[in-house]
Amino acid sequence: LAAFGEGMTLAEAAGLKGDDLIEVLSLGAMNNPMFNLKGPKMKQGVRDYAPHFPLEHAQKDMRFAGMLAEELQISMPVAAAANETFKAAKAEGRGREDFSAVIEAIRRTKE
């Protein structure tokens, strides 16, 4: 969802509507039900992060996956980067919000 958040932030900065991004993604191989579920709530001007799965739990799961990868000596740089973004959102006080609130940490990088 962090990568989707990056895409939505980029689309918004380029002047595209979040709805258009969600529609385009739904028409291709990258279609993902989570984009259709969370995307409308992540759009600029909506930002509805009522928790269905708290961000702090998603970050915990990523931390556990990272620990397992380290134990098994598997490199997971993309997951590590996503975990850092979730940690940043958590540090902003968004831990109890829905995990889609990760987009707010991404949006902060452009400010």
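Residues numbered from 1 in each chain as written. Predicted model: local features only at pLDDT ≥ 70, side-chain atom pairs only at ≥ 80, totals over all residues. Heavy atoms only, no water.

Engineer: Residues and numbers for the packing of aromatic side chains, please.
Structural biologist: The final tally for this structure, using the stated rule, is two aromatic pairs. Judged by centre distance (4.4 Å) and plane angle (10 degrees), the ring pair of Phe4 and Phe35 falls under stacked. You can see Phe4 sitting in helix H1 (residues 2-13) and its partner Phe35 sitting in helix H3 (residues 33-42), a full 31 residues away along the chain. An identical accessibility class is assigned to Phe4 and Phe35; each is buried. The interplanar angle of 85 degrees and the centroid separation of 5.9 Å between the aromatic rings of Phe53 and Phe99 together place this pair among those described as edge-to-face. Here Phe99 lies in the loop between helix H5 (77-94) and helix H6 (102-108) and Phe53 lies in the loop between H3 and helix H4 (55-71), a separation of 46 residues in the sequence. (Phe/Tyr/Trp six-rings, centres within 6.5 Å; stacked < 30°, edge-to-face > 60°. Helix = DSSP H or I, 4+ residues; strand = E, 2+ residues; numbered from the N terminus. Buried < 20%, exposed > 50% of the residue type's maximum accessible area, 1.4 Å probe, protein only.)

Engineer: Go over the packing of helix H2 (residues 18-26) against H3, please, and point to the residues and values.
Structural biologist: Following both chains from N to C, one finds H2 and H3 inclined at 175 degrees, their axes separated by 10 Å at the closest point. In terms of their interaxial angle, H2 and H3 are classed as roughly antiparallel. Contact residues: H2 offers Ile22, Leu25 and Ser26, while H3 offers Phe35, Asn36, Gly39 and Pro40. Taken together, the residues of the contact of H2 with H3 sort by class into four nonpolar, three polar and no charged. (Axes fitted to C-alpha atoms, helices over the stretch in contact; angles between N-to-C directions. Parallel < 35°, antiparallel > 145°, perpendicular 65-115°, else oblique. Contact = heavy atoms within 4.5 Å. Nonpolar A, V, L, I, M, F, W, Y, C, P; charged D, E, K, R; others polar.)

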